[in-house]
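Now for the letters of each chain:
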Amino acid sequence: WLVLAELRVRPAHRLAFLALLLANPYYAFWSRTFLMETSALVFGVGYVAFALRFASRGTSVDGTLAALAGSLCALVKSSTFPGFFGVAALAVGGKEIERRRAQGVQPLIAGNTRPGPIADAVVLALPLLAAVAWSLYADSLKSRNPLAVDLGSGTLANDVVGFVAGVFTNVRVTPRVG
């Protein structure tokens, strides 16, 4: 609801969009099947919504809620967080550019009624720091367990994210005949 409001969607259309989403039986089934992913999705959408509200209004409550929701998204599922971080960074950056064009170029730290780009960067970066700290902590625990040594984020990076060279290996443009 908040994300659609920040995107200036009329309330009737917001309600119709969310009703279609929530009434969908596929959503009801898969959201309960993949609870961890759904939790990360909820916290990620909250992160984007409150980051947009913070960029628009600049209240400390919105900034705190954005940082908290983003941190929870990163802690629940660190591989889901980068997508929401990218969307939030682009949206907040777009709002900042829009505001600076409307008001004329202002210094980064000014005596405005709303915090500037530095505060936006802090709100966006706190969840990123939480994700890095959590990954380092989890890796330190895994390194102590002889059965989990190979489960650290460094050794599983290719399995989770993939690698560029693997994309281009064994690629055939034309089918093999015979």
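Scroll up for the structure.
Residues numbered from 1 in each chain as written. Predicted model: local features only at pLDDT ≥ 70, side-chain atom pairs only at ≥ 80, totals over all residues. Heavy atoms only, no water.

Draft legend 1. View of the overall build of the protein chain. The secondary structure content of the protein chain amounts to nine helices and zero strands. In the protein chain, the succession of helices and strands from N to C terminus is α-α-α-α-α-α-α-α-α. Buried positions account for 25% of the 178 residues belonging to the protein chain. A separation threshold of at least 6 residues defines the contact pool for the protein chain, and within that pool the share at least 24 residues apart is 64%. (Helix = DSSP H or I, 4+ residues; strand = E, 2+ residues; numbered from the N terminus. Buried < 20%, exposed > 50% of the residue type's maximum accessible area, 1.4 Å probe, protein only. Contact = heavy atoms within 4.5 Å.)

Draft legend 2. Region of the structure containing the packing of aromatic side chains. With the rule as written, the count across this model stands at three aromatic pairs. Here Phe-81 and Phe-85 contribute two aromatic rings whose centre-to-centre distance is 5.9 Å and whose plane-to-plane angle is 40 degrees, an arrangement assigned as tilted. One end of the pair, Phe-81, and the other, Phe-85, are both in helix α6 (residues 81–103), four residues apart, so they sit about a helical turn from each other. A residue is classified by how much of its surface remains accessible, and Phe-85, at 23% relative accessible area, is partly exposed. Centre to centre, the rings of Trp-134 and Tyr-137 are 5.7 Å apart; their planes meet at 45 degrees, and the pair counts as tilted. (Phe/Tyr/Trp six-rings, centres within 6.5 Å; stacked < 30°, edge-to-face > 60°.)

Draft legend 3. Spotlight on the pattern of salt bridges. Applying the stated criterion across every chain yields a total of two salt bridges. The salt bridge involving Glu-37 is made with Lys-77; its shortest N-O contact spans 2.9 Å. Highlighted residues: Glu-37 in helix α4 (residues 35–57) and Lys-77 in the loop between α5 (60–76) and α6, separated in sequence by 40 residues. In this structure Glu-37 comes out as partly exposed when scored by relative accessible area, which is 32%. By relative accessible area, which is 22% here, Lys-77 ends up partly exposed. Among the salt bridges present, the one from Arg-53 reaches Asp-62, with a minimum N-O distance of 3.7 Å. The exposure class assigned to Asp-62 is buried, which follows from its relative accessible area of 4%. (Salt bridge = Lys/Arg side-chain N within 4 Å of Asp/Glu carboxyl O.)

Draft legend 4. Focus on the side chain of Ser-71. Looking at the element boundaries, Ser-71 is found in helix α5. In this structure Ser-71 comes out as buried when scored by relative accessible area, which is 15%. Residues in contact with Ser-71, not counting those within four places in the same chain, are Leu-126, Pro-127 and Ala-130.

Draft legend 5. Seen up close, α5. Counted at 1.5 Å a residue, the expected span for α5 with its 17 residues is 24 Å, and the 24 Å between its end C-alpha atoms agrees. Buried positions along α5 lie against α4, α6 and α7 (117–144). (Expected span 1.5 Å × (residues − 1).)

Draft legend 6. Geometry of a nonpolar patch on the surface. A cluster of nonpolar side chains, contributed by Val-61, Leu-65, Leu-68, Leu-72, Leu-75, Trp-134, Tyr-137 and Leu-141, occupies part of the molecular surface with about 710 Å² of accessible area. When residues of the nonpolar patch are traced back to their parent elements, those giving at least two are α5 and α7. Position of Leu-141 among the secondary structure elements: in helix α7. (Patch = residues over 30% accessible without salt bridge, like charges linked within 9 Å, V, L, I, M, F, W, Y side chains within 5 Å. Areas by Shrake-Rupley, 256 points an atom, 1.4 Å probe, with all protein chains shown as cover.)

Draft legend 7. Here's a closer look at the packing of α6 against α7. Between α6 and α7, the least distance of the axes is 11 Å, while the angle of their chain directions is 175 degrees. One way to sum up the angle between α6 and α7 is to call them roughly antiparallel. Residue-level inspection shows Phe-81, Phe-85, Ala-88, Ala-89, Val-92, Glu-96, Arg-99 and Arg-100 of α6 in contact with α7, the latter providing Pro-117, Asp-120, Leu-124, Pro-127 and Leu-128. Of the residues belonging to the contact of α6 with α7, the class tally is nine nonpolar, no polar and four charged. (Axes fitted to C-alpha atoms, helices over the stretch in contact; angles between N-to-C directions. Parallel < 35°, antiparallel > 145°, perpendicular 65-115°, else oblique. Nonpolar A, V, L, I, M, F, W, Y, C, P; charged D, E, K, R; others polar.)

Draft legend 8. Quick look at the packing of α4 against α5. Running from N to C, α4 and α5 point in directions that differ by 155 degrees, and their axes come no closer than 7 Å. Here α5 runs roughly antiparallel to α4, going by the angle between their axes. Once α4 is placed against α5, the crossing between them reads as left-handed. Counted together, Met-36, Ser-39, Ala-40, Phe-43, Gly-44, Gly-46, Tyr-47, Phe-50, Ala-51, Arg-53, Phe-54 and Arg-57 of α4 and Asp-62, Gly-63, Leu-65, Ala-66, Ala-69, Gly-70, Leu-72, Cys-73 and Val-76 of α5 form the full contact between these two elements. Among the residues making up the contact of α4 with α5, the classes are represented as 13 nonpolar, five polar and three charged. (Left-handed = near helix turned anticlockwise from the far one by under 90°.)

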